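Letter by letter, the chains look like this.
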Amino acid sequence: DAGVIQSPRHEVTEMGQEVTLRCKPISGHDYLFWYRQTMMRGLELLIYFNNNVPIDDSGMPEDRFSAKMPNASFSTLKIQPSEPRDSAVYFCASSSRQVGELFFGEGSRLTVL
Amino acid sequence: AQSVAQPEDQVNVAEGNPLTVKCTYSVSGNPYLFWYVQYPNRGLQFLLKYITGDNLVKGSYGFEAEFNKSQTSFHLKKPSALVSDSALYFCASRTTNAGKSTFGDGTTLTVKP
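These figures come from a predicted structure and were not determined experimentally.

Cut-offs used in this document
Residues numbered from 1 in each chain as written. Chains lettered and ligands numbered in written order. Predicted model: local features only at pLDDT ≥ 70, side-chain atom pairs only at ≥ 80, totals over all residues. Heavy atoms only, no water. Helix = DSSP H or I, 4+ residues; strand = E, 2+ residues; numbered from the N terminus. Contact = heavy atoms within 4.5 Å. Polar contact = N/O pair within 3.5 Å; in protein donor to acceptor, adjacent residues only side chain to side chain. Core = buried A, V, L, I, M, F, W, Y, C linked by side-chain atoms within 4.5 Å. Buried < 20%, exposed > 50% of the residue type's maximum accessible area, 1.4 Å probe, protein only. Phe/Tyr/Trp six-rings, centres within 6.5 Å; stacked < 30°, edge-to-face > 60°.

**Q** Kindly report on the environment of B:Lys69, identifying the contributing residues and their values.
**A** All names here are of chain B. Here Lys 69 is to be found in the loop between strand 8 (64-68) and strand 9 (73-78). For the pair Lys 69 and Tyr 25, spaced 44 residues apart in sequence, the C-alpha separation works out to 9.7 Å. Discounting chain neighbours no more than four positions away, the residues touching Lys 69 are Tyr 25 and Asn 30.

Structural data, given as structure tokens:
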């Protein structure tokens, strides 16, 4: 398996623009997580899905952030409109009850100017 | 509520010396405990986990961790550190084998030649 695949790896955009980050989890995994990592706040869980259904979105900063999982092999995290304080590395991770541990993608580094 | 503490922001050791990265947890019920490593500009990688059974858990790259229920600790250890072990290490806990994890703030390990 290729692992968790995220795109884009790097995104530079201007304040106010829409940003869409994409994630393909490992096949067979039924949990998908979106994390954000910054120097100031460390690793934060934004939202997670089980069987494509959002279970806990309490970490989503505000209404500008939204996440979807239309099927078992694809998820998006959208920021609209983006702000400079959204600059961070966004990680997607997947897991299953059978495996337990999280498998992380390589991350999407977002810079909002 | 769960919490994970990594009391040291930074650990410095000389190559060839043993290393310990500390982790304590607070979980109601039986904990599922994990260690992850993050190299620069990479996603987190799973190192090892404790679910049940033997308190000494062996993982990738020669790392091991000891689960101590009375001290609520799960310290990461390695008998002989390598320069290539230099990275950011995260301890994490869950109350089930799936779902939301609670991460510590991370410990930066630096191994000097």
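Next, the rest of the story.
**Q** For the side chain of A:Asp86, give the residues involved together with the corresponding values.
**A** Residue and element names in this part refer to chain A. Mapping Asp 86 onto the fold places it in the loop between strand 8 (74-79) and strand 9 (88-95). Of the polar contacts made by the side chain of Asp 86, one reaches the side chain of Arg 64; its length is 2.6 Å. Of note is the side chain of Asp 86, whose polar atom sits 2.8 Å from the backbone nitrogen of Glu 83. With sequence-adjacent residues up to four places away left out, Asp 86 is seen in contact with Arg 36, Arg 64, Phe 65, Ile 79, Pro 81, Leu 110 and Val 112.

**Q** Give me the lowdown on the nonpolar core, citing residues and values where you can.
**A** Grouped together as the largest cluster of nonpolar side chains are 26 residues, with contacts concentrated most on B:Trp35, B:Leu47, B:Leu48, B:Phe74, B:Leu76 and B:Tyr89. Counting residues per element, the ones that place at least two in this core are strand 2 (10-14), strand 3 (19-21), strand 5 (32-38), strand 6 (44-50), strand 8, strand 9, strand 10 (87-94) and strand 12 (107-112) of chain B. The next biggest cluster of nonpolar side chains, apart from the first, holds 21 residues, and it includes A:Ile47, A:Phe49, A:Ile79 and A:Val112.

**Q** Can you lay out the packing of aromatic side chains for me, pointing to particular residues and giving the numbers?
**A** Residues and elements named next belong to chain A. Summed over all chains, the structure comprises 16 aromatic pairs over all chains. Between Phe 33 and Tyr 48, the aromatic rings sit 5.2 Å apart at their centres with planes inclined by 20 degrees, giving stacked as the arrangement. Taken together, the positions of Phe 33 in strand 4 (residues 31-38) and Tyr 48 in strand 5 (residues 42-50) put the pair 15 residues apart, joining distant regions of the chain. Given a relative accessible area of 0%, Phe 33 falls into the buried group.

This is a description of form; function is not addressed.
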